[in-house]
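An overview of the molecular structure
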Amino acid sequence: MAKDKTIYTCSECGGTSPKWLGKCPHCNAWNTLEETRADTGPAKNRMQALTRGLNAAQPVATLSQIEAADIARTPTGLEELDRVLGGGIVTGGVILIGGDPGIGKSTLLLQALDALSRQMPVLYVTGEESGAQVALRAQRLGLDGSKVRVQAEIQLENIIATLEAEQPSFCVIDSIQTIYSDQLTSAPGSVAQVRECAAHLTRVAKSSGCTMVLVGHVTKEGALAGPRVLEHIVDTVLYFEGETHSSFRLVRAIKNRFGAVNEIGVFAMTDKGLKGVSNPSAIFLSTHDEPVPGSVVMVTLEGTRPLLVEIQALVDSGGPSPRRLSVGLERDRLAMLLAVLHRHAGMACGDQDVFVNAVGGVRISEPAADLAVLLAIQSSLRGKPLPKGFFAFGEVGLAGEIRPAPRGQERLKEAAKLGFSIAVVPKANAPKKPIEGLTIHAVDRVEQAVDLARSL
């Protein structure tokens, strides 16, 4: 019996090699080549049936003459999900959503399906559960489900036949790693199968106008499993984040052809499913009766949404090798800020353990948190709390200057709306007109900010 031919496919870039190599010859990633069976099926014109009307030659046009109409959107009925998507679902759009097991992906999509089923035909294709399991979840969530069509299937050709018969306007594939095509001999979840099935389903969505949602698994590092080409094929990529022991979940858009990226939606997991949180700043603020040393509130931007987050610092006497630990903030940036604090403000922490934490499990990547981190460290080092209603934001440079943060006016207005009264901000972010109820101190040097914090 002839041995099946095998090839080695890179899980990062999708490139192939006839033999195993330690490093992928295409993207130079190490230990990413995985053995798969070579495709021996009828590969000729495999896409022809799905590309009717799409592969016709298109005329060349001048960009300024092309009619640019606004994209029609349909709200999903979940306000926080609509925010992340840019206002709702788009006809023919393909959405990829990934997250840890048990984080709530299927729950969220089942709620969206139930809400959308009242205004359009919907289909839920599950490859990981039976129809009875989906029905049990719907009962637990208190969903009606009378118009939600469900199919338990993992074969691509059968799913496409169902899509042609049912003609849904919104379809969820849960999950893309369980789907396989008869045209390929490799196992479901392999690089070749995931890439092929996603490409087929994307073409079906574009040709039929059905909005397609693909659920994707994630690796232990938190990235979407399978080839990165999967993220390039789809229109929108959403990440479902959150600690499994916490009731709060964040849905973050890292790619969106129809809206802003880095938007977040905040949900709370309840016994009736995921509920949108209208004031997410409350999650990221501790409830101290009185101000405590080492605690400073900052205003960060997540997409277009300003959020108030509490930064906590603890400076304690260290041993021979003091530790620098940050949770929710960049560790290398913490070391840089400690050097700036020593050089320009004369506060040495070389023999101290320094711990910095962003409350609520949020991750802050923007440099506008620098000033709040510095002031929290000096507050903890002196053992003196900052006044109630105090907040700060701004980027700190190595020369000791404080640079402005983008969209400072929106940050200030959000803090004033939530009752904060004292602000330390970069001089360039100081508003021309006073904001009611807000005392603003504008600084342009680190030493000025530290002296001001001491005086307060």
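Before reading on, note that the structure itself is shown above.
The present account deals with the structure reproduced in this document. These figures come from a predicted structure and were not determined experimentally. (Residues numbered from 1 in each chain as written. Predicted model: local features only at pLDDT ≥ 70, side-chain atom pairs only at ≥ 80, totals over all residues. Heavy atoms only, no water.)

With that out of the way, let us pick up the pattern of salt bridges. In total, this model carries 19 salt bridges according to the counting rule given. For R445, the salt bridge goes to E447, with nearest N and O atoms at 3.3 Å. We classify R445 as partly exposed; its relative accessible area is 25%. The salt bridge partner of R454 is D451, with a shortest N-O separation of 3.8 Å. Here D451 and R454 lie together in helix α10 (residues 446–455), a separation of three residues that amounts to about one turn. Classification of D451 as partly exposed rests on a relative accessible area of 45%. By sharing partners, the salt bridges in this structure join R333, D370, E395, E401 and R403 into a single network. (Salt bridge = Lys/Arg side-chain N within 4 Å of Asp/Glu carboxyl O. Buried < 20%, exposed > 50% of the residue type's maximum accessible area, 1.4 Å probe, protein only. Helix = DSSP H or I, 4+ residues; strand = E, 2+ residues; numbered from the N terminus.)

Overall, the coordinates contain one aromatic pair when judged by the stated rule. Pairing F391 with F420 gives two aromatic rings, centres 6.1 Å apart and planes at 85°, and the pair type is edge-to-face. One end of the pair, F391, is in strand β19 (residues 390–392); the other, F420, is in the loop between α9 (408–417) and β22 (422–426), with 29 residues separating them in the sequence. We classify F420 as buried; its relative accessible area is 13%. The ring centre of F393 lies 5.5 Å from the NZ or CZ of R411, which sits over that ring. (Phe/Tyr/Trp six-rings, centres within 6.5 Å; stacked < 30°, edge-to-face > 60°. Lys NZ or Arg CZ within 6 Å of the ring centre and 35° of its normal.)

This next bit is on the nonpolar core. Formed by 49 residues in total, the largest nonpolar core has its most connected members in I311, V356, I364, L375 and I377. With seven residues, helix α8 (residues 370–382) is the single largest residue contributor to this core. Listed in part, the 32 residues of the second largest apolar core include L85, I95, I97 and V122. (Core = buried A, V, L, I, M, F, W, Y, C linked by side-chain atoms within 4.5 Å.)

With their axes 11 Å apart at the nearest point, helix α4 (residues 156–166) and helix α5 (residues 191–208) run at an angle of 10° to one another. When the axes of α4 and α5 are compared, the pair comes out roughly parallel. Residues L156, I159, I160 and L163 of α4 form the contact with α5, whose own contacting residues are C197, H200, L201 and V204. (Axes fitted to C-alpha atoms, helices over the stretch in contact; angles between N-to-C directions. Parallel < 35°, antiparallel > 145°, perpendicular 65-115°, else oblique. Contact = heavy atoms within 4.5 Å.)

If you add up the space inside the second largest pocket, you get close to 380 Å³. Lining the second largest pocket are 19 residues, and of these S286, H288, V297, G389 and F420 sit closest to its centre. The element contributing the most residues to the lining of the second largest pocket is strand β15 (residues 295–302), with three residues. (1 Å grid on protein atoms, 1.4 Å probe; cavity = no way out; pocket = protein on both sides within 12 Å on 5 of 7 lines; lining within 4 Å. Points joined across faces, edges and corners; volume = space filled by probe spheres on them.)

The next subject is empty space enclosed by the protein. What the rule picks out here adds up to three cavities of 30 Å³ or more. The calculated volume of the largest cavity comes to roughly 120 Å³. Along its surface, the largest cavity is lined by 13 residues, and L329, E330, R333, D370 and V373 are the ones closest to its centre. The set of elements that each furnish at least two residues to the lining of the largest cavity consists of α7 (331–345) and α8. A per-element tally of the lining of the largest cavity places α7 first, with three residues. Looking at the lining of the largest cavity residue by residue, the class counts come to seven nonpolar, two polar and four charged. In this model, the second largest cavity occupies a volume close to 80 Å³. T76, L81, L85, I89, I95, I97, L108, L109, A112, F170, V213 and L238 together form the lining of the second largest cavity. The set of elements that each furnish at least two residues to the lining of the second largest cavity consists of α1 (79–85), β6 (94–99) and α2 (105–116). Ranked by residues supplied to the lining of the second largest cavity, first place goes to α2 with three residues. (Nonpolar A, V, L, I, M, F, W, Y, C, P; charged D, E, K, R; others polar.)

Don't take any of this as a statement about function, it's just geometry.
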